Amino acid sequence: MKEITEFSIIERIQYGEHYFSLLLKHPGTLQHIEPGQFVEVAVRGSRDVMLRRPISIHDVDEEANTLSLLIQIVGNGTRQLATLKAGDTLNLIYPLGRGFSGAGQHPLLVGGGAGIAPLLHLAKHYTAKGIRPTILLGGRNEKLIPARDMFKPYGDVLISTDDGSLGERGLVTQHPRFNGEYDQICTCGPTPMMKAVARSAKMRGINCEVSLENTMACGIGACLCCVTETNDGHKCVCKDGPVFDIRGMEKWMNG
Ligand SMILES: Cc1cc2nc3c(=O)[nH]c(=O)nc-3n(C[C@H](O)[C@H](O)[C@H](O)COP(=O)(O)OP(=O)(O)OC[C@H]3O[C@@H](n4cnc5c(N)ncnc54)[C@H](O)[C@@H]3O)c2cc1C
Ligand code: FES
């Protein structure tokens, strides 16, 4: 069930210029959170930012009643959130949306830019089931692949950068291990990247789930500003997604 809660910020980590993470403690008991679900964050202190901002849940510790967010600074809202520090509070609506299925015995997780955020909780989910995922993280350069060391205990981490500053040079789909033997691909990141990953998965007959990042307002299926086209008509990314199985996403894939 969704709740609106004032979390306490217990840690803030800056990753280069563009990214930071917040470790947040629930005042009581944290609800169960599926990998791929997200929160709507209230942005206080900025007259220009009226709407909450959707942010994926990066990590969860149910015993400690904490969750963490990994945020890229792109505009007014995220710039304002970047001023928060340990001891401040943050108002969240959570848990929102439908997450990844967690299916497959040989999963490949592909993240680009801020889209790597939900993959840590997902990687931990597989590890808890005794499955070691392959995790392929991509970005334009080394500085745009934050928090990568966090993933190492939970899978085989591969990196590709457009400029070759870290890992393989090129797009994630050009990484030599992208074409390995997998039975499930889960991806989150820029739309062109996810479409390329999804088309390749389809051609190879591999199940694939994509986590869409459409612009959102209400985050609960009321305003219809986040709709995407599926084989079954228009769906709200915030309520019916953000994670969709590509078998229902032919129009999105080919659009
Ligand atoms: C389900 C979901 C999960 C997300 N998870 C993360 C995450 O874990 N980490 C992260 O850094 N970012 C994430 N995003 C993107 C994040 O919501 C936007 O970057 C943020 O809302 C931008 O706010 P802003 O005020 O800083 O930027 P603005 O000045 O409002 O806009 C800057 C850019 O962000 C886009 N944007 C603005 N508002 C939204 C919105 N409400 N929803 C989506 N995009 C928007 C705009 O199209 C523009 O390209 C996620 C988005 C969605 C839909
Ligand atoms: S954001 Fe309002 S319906 Fe999805």
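Residues numbered from 1 in each chain as written. Chains lettered and ligands numbered in written order. Predicted model: local features only at pLDDT ≥ 70, side-chain atom pairs only at ≥ 80, totals over all residues.

A. Fine view of the sheet that holds strand E4 (residues 53-56). The strand order across the open sheet built from seven strands is E4-E3-E7-E1-E2-E6-E5, with neighbouring strands paired in antiparallel fashion. Each having just a single partner strand, E4 and strand E5 (59-61) make up the two edges of the open sheet. Sheet twist, expressed as the mean angle between neighbouring strand axes with direction ignored, is 35 degrees. Pairing between strand E3 (residues 38-41) and strand E7 (residues 89-96): three bridges, direction antiparallel. Within the sheet, the bridge partner assigned to Val41 lies in E7 and is Leu92. (Pairing = 2+ DSSP bridges. Helix = DSSP H or I, 4+ residues; strand = E, 2+ residues; numbered from the N terminus. Axes fitted to C-alpha atoms, helices over the stretch in contact; angles between N-to-C directions.)

B. Focus on the nonpolar core. Residues Leu109, Ala123, Leu136, Ile185 and Val197 are the most contacted members of the largest nonpolar core, which totals 67 residues. Among the elements that make up this core, the one with the highest residue count is helix H2 (residues 117-128) (six residues). Here this core spans two domains, since at least three of its residues come from each of domain 1 (3-96) and domain 2 (107-211). Beyond its immediate sequence surroundings of up to four residues, Leu136 is in contact with Leu108, Leu109, Val110, Leu158, Ser160, Val172, His175, Arg177 and Phe178. (Core = buried A, V, L, I, M, F, W, Y, C linked by C-beta atoms within 7 Å. Buried ≥ 20, exposed ≤ 12 C-beta atoms within 10 Å, placed from the backbone. Domains from an automatic or database assignment. Contact = placed C-beta atoms within 7 Å.)

C. Focus on the site of ligand 1. Among the 21 residues in the neighbourhood of ligand 1, the closest are listed as Ser56, Gly75, Gly77, Thr78 and Ala117. Those elements that place two or more of their residues in the shell around ligand 1 are E4, strand E6 (66-72) and helix H1 (76-81). Classifying every residue of the shell around ligand 1 by side-chain character gives eleven nonpolar, eight polar and two charged. (Near = placed C-beta within 6 Å. Nonpolar A, V, L, I, M, F, W, Y, C, P; charged D, E, K, R; others polar.)

D. Summary view of helix H3 (residues 191-204). Between its terminal C-alpha atoms H3 stretches 20 Å, which fits the 20 Å expected from 14 residues at 1.5 Å a residue. Inspection of H3 places Met193, Met194, Val197, Ala198 and Ala201 among the buried residues, and these make up the whole buried set. The buried residues of H3 occupy one face: seen down the axis, they fall within an arc of 125 degrees. H3 presents Pro192 and Met203 as exposed residues on the side facing more than 90 degrees away from its buried surface. Looking at the buried positions of H3, the neighbouring elements they touch are strand E8 (107-112), strand E9 (134-139), strand E12 (184-188), strand E13 (207-211) and helix H4 (250-254). One or two residues past the end of H3 sits Gly205, with phi positive at roughly 70 degrees. (Expected span 1.5 Å × (residues − 1). Arc of directions from axis to C-beta.)

E. Quick peek at the domain arrangement of the protein. Taken domain by domain, the protein comprises domain 1 (3-96) and domain 2 (107-211). Computed over C-alpha atoms, the centres of domain 1 and domain 2 are 23 Å apart. Residue-level contacts link 14 residues of domain 1 with 13 residues of domain 2. Among the residues making up the side of domain 1 that touches domain 2, the classes are represented as six nonpolar, seven polar and one charged.

F. Seen up close, the sheet that holds strand E16 (residues 243-245). Read from one edge of the open sheet, seven strands run E11-E10-E9-E8-E12-E13-E16, paired in mixed fashion. On the outer flanks of this sheet lie strand E11 (168-169) and E16, each paired with one strand and no other. Summarising the sheet, E9 and strand E10 (residues 156-161) pair through six bridges and their orientation is parallel. Paired with Leu137 across the strands is Ile159, a residue of E10. Across the sheet, H2 is in contact with E8, E9, E12 and E13; its angle to E8 comes to roughly 165 degrees.

G. Representation of unusual backbone geometry in the model. Backbone torsion omega between Tyr94 and Pro95 reads -15 degrees, so that peptide bond is classified as cis. By the element assignment, Pro95 lies in strand E7. Geometrically, the link from Gly241 to Pro242 is a cis peptide bond, its omega value of 10 degrees lying close to zero. Following the sequence through the fold, Pro242 ends up in the loop between strand E15 (233-236) and E16. For Ala147, which is not a glycine, the phi torsion comes out positive at approximately 55 degrees. With respect to the secondary-structure elements, Ala147 resides in the loop between E9 and E10. By the C-beta count within 10 Å, which is 19 here, Ala147 ends up partly exposed. The phi torsion at Leu224 lies on the positive side, around 65 degrees, for a residue other than glycine. Note on placement: Leu224 falls in the loop between E13 and strand E14 (227-230).

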